[in-house]
Amino acid sequence: MMKTLLRSLFNTGGKLCDAANSLTAEKTNQNLKRLFKVRRRNESVVKAAKTLLVHGMTPNKVALLRRLDSEFVAELAKTWNPKFRRVTHTSQWTTKRTVREYFDSGAMLEKICIDLQLPLYSVVLFLERDGITFQEMQARWPDHNDPLVVAYHEIVSRKQTTPQRRSPRLHY
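Rules used in this analysis
- Residues numbered from 1 in each chain as written.
- Predicted model: local features only at pLDDT ≥ 70, side-chain atom pairs only at ≥ 80, totals over all residues.
- Heavy atoms only, no water.
- Helix = DSSP H or I, 4+ residues; strand = E, 2+ residues; numbered from the N terminus.
- Core = buried A, V, L, I, M, F, W, Y, C linked by side-chain atoms within 4.5 Å.
- Buried < 20%, exposed > 50% of the residue type's maximum accessible area, 1.4 Å probe, protein only.
- Contact = heavy atoms within 4.5 Å.
- Phe/Tyr/Trp six-rings, centres within 6.5 Å; stacked < 30°, edge-to-face > 60°.
- Lys NZ or Arg CZ within 6 Å of the ring centre and 35° of its normal.
- 1 Å grid on protein atoms, 1.4 Å probe; cavity = no way out; pocket = protein on both sides within 12 Å on 5 of 7 lines; lining within 4 Å.
- Points joined across faces, edges and corners; volume = space filled by probe spheres on them.

Caption draft 1: Unusual backbone geometry, seen in detail. Positive phi outside glycine occurs at Arg 67, with the angle close to 55 degrees. Tracing the chain through its elements places Arg 67 in the loop between α4 (59–66) and α5 (70–79).

Caption draft 2: Representation of the nonpolar core within the structure. Grouped together as the largest cluster of nonpolar side chains are 17 residues, with contacts concentrated most on Leu 109, Leu 120, Val 123 and Leu 127. Per-element tally for this core: the top contributor is helix α8 (residues 120–129), with five residues. Ignoring sequence-local partners within four residues, the contact set of Val 123 consists of Val 99, Leu 109, Ile 112, Cys 113 and Leu 118. Counting ten residues, the second-largest nonpolar core is a separate cluster that includes Ala 49, Val 62, Val 73 and Ala 77.

Caption draft 3: Quick look at the packing of aromatic side chains. Evaluation of the coordinates by the stated rule reveals three aromatic pairs. Ring plane angle 80 degrees and centroid distance 5.2 Å describe the contact between Trp 141 and Tyr 152, whose orientation is recorded as edge-to-face. With a gap of eleven residues between them, Trp 141 in the loop between α9 (134–138) and α10 (147–161) and Tyr 152 in helix α10 connect regions that are remote in the sequence. We note that Trp 141, like Tyr 152, is buried. Taken together, Tyr 121, Phe 134, Trp 141 and Tyr 152 form an aromatic cluster joined through their ring pairs. The ring of Phe 103 is capped by Arg 140, whose NZ or CZ atom sits 4.0 Å from the centre of that ring.

Caption draft 4: Main features of the layout of surface pockets. Of the volumes computed, that of the largest pocket is approximately 190 Å³. Every residue along the wall of the largest pocket is listed here: Thr 88, His 89, Thr 90, Thr 95, Asp 115, Leu 116 and Gln 117.

Spatial relationships are all this shows, so hold off on functional conclusions.
Listed below in structure tokens is the structure:
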């Protein structure tokens, strides 16, 4: 009896399965539309999408990362004109001053590198040019196994192997 009941359910020519699939597909499609509409209205999500577009990410990737519909992000990329909204980098003088302020406030070198998104080599170079000795920096140096220190030693070894540029000739 059970076998005949199961056969009658599954031998409907696939109509029952198609009907069930279409219902779930329509419901899922409606849920996606509702999600996209809600996320489009969220100001922080749209602002993050604009920032990613300015940084050069493609509209499709932004749509995937921010869970927005691709048509909306493509329209945003066209209308929001990222050509005139570029990332402005800080000058070296400002960066040097900020590194010095961090160091004078007692921050560890690792925190300076993370906050300013600079390699340890650049931070050390800024501080040395500002008159701070390497011995003064040793107290705030990260652990020897830290990735910053490993990258620092790689950069130092690379800089030592490259030949120095000649100083410009004053007289010919």
